[in-house]
Amino acid sequence: MRAEIILVASAFFHSAWNFIFKRLDPKHSVLLLVVTTATLTSICVAPFTGGLKIGTTMGLVFTITAGLFEAGYFHSLSRTYETAPFGISYSIMRGGAMLLVTIISVSFLSEPLSTFKLIGMSLLVLGIFLTPSKDKDTLSRTGLFWALSCSCFIAGYHIFYGLALAEGVSQVGLFVLSMLTSVPFLALKSRAAALKDMKKIESKNYRWIIFAGILSGSSFIFFLYGLKNSYAGVAISLRNTSILFSQGFAWWLGERLTKAQWLGIGAIFLGALLIGQ
């Protein structure tokens, strides 16, 4: 029961730091500070969670590759929240990533295709089709493009996380080393604009940035703990309750969904649960 509670907490933390990030501007400067804080948080807890074990050479290669996908994830996440509403885009990003991870795992990583997975994949496709609104004021083509792009990067780093763990990389070590790869790329990508726009961040928002960074690092550490102490299917299913939490935060932001969008988000959530079985 303790592991299950921690997994739900991980889901809440993930949707919460995304919610905070959505509310703050300028995006590239805020994101750089958030991911830096998340990395420092993970480094601080590493000595108490098994250290920064690298494992094999291939483990290091997979970890660095995951970090490169993370850099793309952070950039596309920033662009998504600049161009799309929170609740819809969060569901598309997480649901799309689950769909891609399942397709790749079944096609190339010898994971069996069960009836549950097949039904789950079908529901994810249906949900991603229903969730975008025909109303351009709700979700533009640009917003949809960045949300789907972000889902590809999420799928990429998840795949290489799994490969790195299989090579003996420690769980927190994986996150720290991949973040140490992604943060410099993120900094180089937006260094001029990010440094210039740091001055635009209101002083009262720095505490929220630090809080979001701690939540971001904690959500991953909690997920790894829950994954280690629970069944993989249960862990993944509970982790995807973040899709539901995100809708609560979206309501807080004043976002209101159509019936078709609610059906779409429901299909994404149910599909994510079934894929985890």
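Residues numbered from 1 in each chain as written. Predicted model: local features only at pLDDT ≥ 70, side-chain atom pairs only at ≥ 80, totals over all residues. Heavy atoms only, no water.

Visitor: Could you clarify how one ought to interpret the overall build of the chain in this entry?
Guide: Within the chain, the secondary structure is distributed over 11 helices and zero strands. In sequence order, the chain lays out its α and β elements as α-α-α-α-α-α-α-α-α-α-α. Here the C-alpha atoms of the chain give a radius of gyration of 18 Å, agreeing with the 19 Å that 2.2 N^0.38 yields for 277 residues. Taken over the C-alpha atoms alone, the chain extends approximately 50 × 50 × 35 Å along its principal axes. A buried classification covers 53% of the 277 residues belonging to the chain. Taking contacts inside the chain between residues at least 6 apart in sequence as the whole, the part at least 24 apart equals 89%. Surface exposure of the chain reaches about 13,000 Å², of which carbon and sulfur atoms provide 70%. (Helix = DSSP H or I, 4+ residues; strand = E, 2+ residues; numbered from the N terminus. Rg over C-alpha atoms; globule rule 2.2 N^0.38 Å. Buried < 20%, exposed > 50% of the residue type's maximum accessible area, 1.4 Å probe, protein only. Contact = heavy atoms within 4.5 Å. Areas by Shrake-Rupley, 256 points an atom, 1.4 Å probe, with all protein chains shown as cover.)

Visitor: Mind showing me how you'd approach the packing of helix α4 (residues 86-108) against helix α11 (residues 259-275) here?
Guide: The angle between the axes and the distance between the axes are what describe a pair of packed helices. Running from N to C, α4 and α11 cross one another at 35 degrees; their axes reach a closest spacing of 10 Å. For the pair α4 and α11, the crossing hand works out as left-handed. In contact with Ile 88, Ser 91, Ile 92, Gly 95, Met 98 and Thr 102 of α4, α11 contributes Gln 261, Ile 265, Ile 268, Ala 272 and Ile 275. Split into classes, the residues belonging to the contact of α4 with α11 amount to seven nonpolar, four polar and no charged. (Axes fitted to C-alpha atoms, helices over the stretch in contact; angles between N-to-C directions. Left-handed = near helix turned anticlockwise from the far one by under 90°. Nonpolar A, V, L, I, M, F, W, Y, C, P; charged D, E, K, R; others polar.)

Visitor: Where do I start with the packing of helix α3 (residues 57-83) against helix α6 (residues 141-166) in this structure?
Guide: It is the contact of α3 with α6, at a shortest axis distance of 8 Å, that shows an interaxial angle of 160 degrees. Considering the angle they form, α3 stands roughly antiparallel to α6. The two elements α3 and α6 cross, and the hand of that crossing is left-handed. For the contact of α3 with α6, the class distribution of residues is 15 nonpolar, 12 polar and two charged. (Parallel < 35°, antiparallel > 145°, perpendicular 65-115°, else oblique.)

Visitor: Sorry if this is basic, but what is going on with empty space enclosed by the protein here?
Guide: To locate leftover empty space, one rolls a probe as large as a water molecule over the atoms. Throughout the structure, instances matching the rule amount to one cavity of 30 Å³ or more. Estimated volume of the largest cavity: approximately 40 Å³. Residue lining of the largest cavity: Gln 247, Ala 250, Trp 251, Glu 255, Arg 256, Leu 257 and Trp 262, and that is the complete set. Element by element, the count of residues in the lining of the largest cavity is highest for helix α10 (residues 242-252), at three residues. Of the residues assigned to the lining of the largest cavity, the class counts are four nonpolar, one polar and two charged. (1 Å grid on protein atoms, 1.4 Å probe; cavity = no way out; pocket = protein on both sides within 12 Å on 5 of 7 lines; lining within 4 Å. Points joined across faces, edges and corners; volume = space filled by probe spheres on them.)

Visitor: Explanation requested: the side chain of Ser 216 in the structure shown.
Guide: When you line up the elements, Ser 216 lands in helix α8 (residues 206-228). Residues contacting Ser 216, with those up to four places away along its chain left out, are Trp 17 and Ala 38.

Visitor: Can you help me understand the packing of aromatic side chains in this one?
Guide: Given two aromatic rings, one states the distance between the centres and the angle between the planes to describe the pair. Counted under the stated rule, the structure contains 22 aromatic pairs. A ring pair is formed by Phe 62 and Phe 160, whose centres lie 6.0 Å apart and whose planes are at 45 degrees; its orientation type is tilted. One end of the pair, Phe 62, is in helix α3; the other, Phe 160, is in helix α6, with 98 residues separating them in the sequence. For Phe 62, a relative accessible area of 16% puts it in the buried group. Grouped by ring-pair contacts, the aromatic residues Phe 12, Phe 13, Trp 17, Phe 19, Phe 21, Tyr 81, Phe 86, Tyr 90, Phe 222, Phe 245, Phe 249 and Trp 252 constitute a single cluster. If you follow Lys 27 out to its NZ or CZ, it ends over the ring of Phe 21, 5.7 Å from the centre. A cation over an aromatic ring shows up here: Arg 256 above the ring of Trp 251, its NZ or CZ 3.6 Å from the ring centre. (Phe/Tyr/Trp six-rings, centres within 6.5 Å; stacked < 30°, edge-to-face > 60°. Lys NZ or Arg CZ within 6 Å of the ring centre and 35° of its normal.)

Visitor: What is the right way to read the environment of Leu 118 from this model?
Guide: Take Leu 118: it is sitting in helix α5 (residues 115-130). With a relative accessible area of 46%, Leu 118 lands in the partly exposed category. Considered as a pair, Leu 118 and Gly 72 are 46 residues apart in the sequence and their alpha carbons are 28 Å apart.

Visitor: Can you walk me through the nonpolar core in this structure?
Guide: Generally speaking, a soluble globular protein has its nonpolar side chains buried in company with each other. Ranked by size, the top nonpolar core spans 63 residues in total, and within it Trp 17, Tyr 73, Phe 74 and Leu 77 carry the most contacts. The dominant element in this core, judged by the number of residues it contributes, is α4, at eight residues. (Core = buried A, V, L, I, M, F, W, Y, C linked by side-chain atoms within 4.5 Å.)

Visitor: Hey, could you run me through the layout of surface pockets in this one?
Guide: Put simply, the largest pocket is a space of about 950 Å³. As for the largest pocket, its lining consists of 38 residues, of which Val 101, His 158, Tyr 161, Phe 223 and Ile 236 are closest to the centre. Breaking the lining of the largest pocket down by element, the ones donating at least two residues are α1 (2-23), α3, α4, α6, α7 (171-197), α8 and α9 (232-239). Among the elements that take part in the lining of the largest pocket, α6 stands out by supplying eight residues, more than any other.

Visitor: Teacher, can you tell me more about α6 here?
Guide: In an α-helix, one turn spans 3.6 residues, which is why side chains three or four residues apart end up on the same side. Relative to the 38 Å expected for 26 residues at 1.5 Å per residue, α6 spans 38 Å between its end C-alpha atoms, a close match to the ideal helical length. Directly after α6, the chain includes Gly 168, whose backbone phi takes a positive value near 95 degrees. (Expected span 1.5 Å × (residues − 1).)

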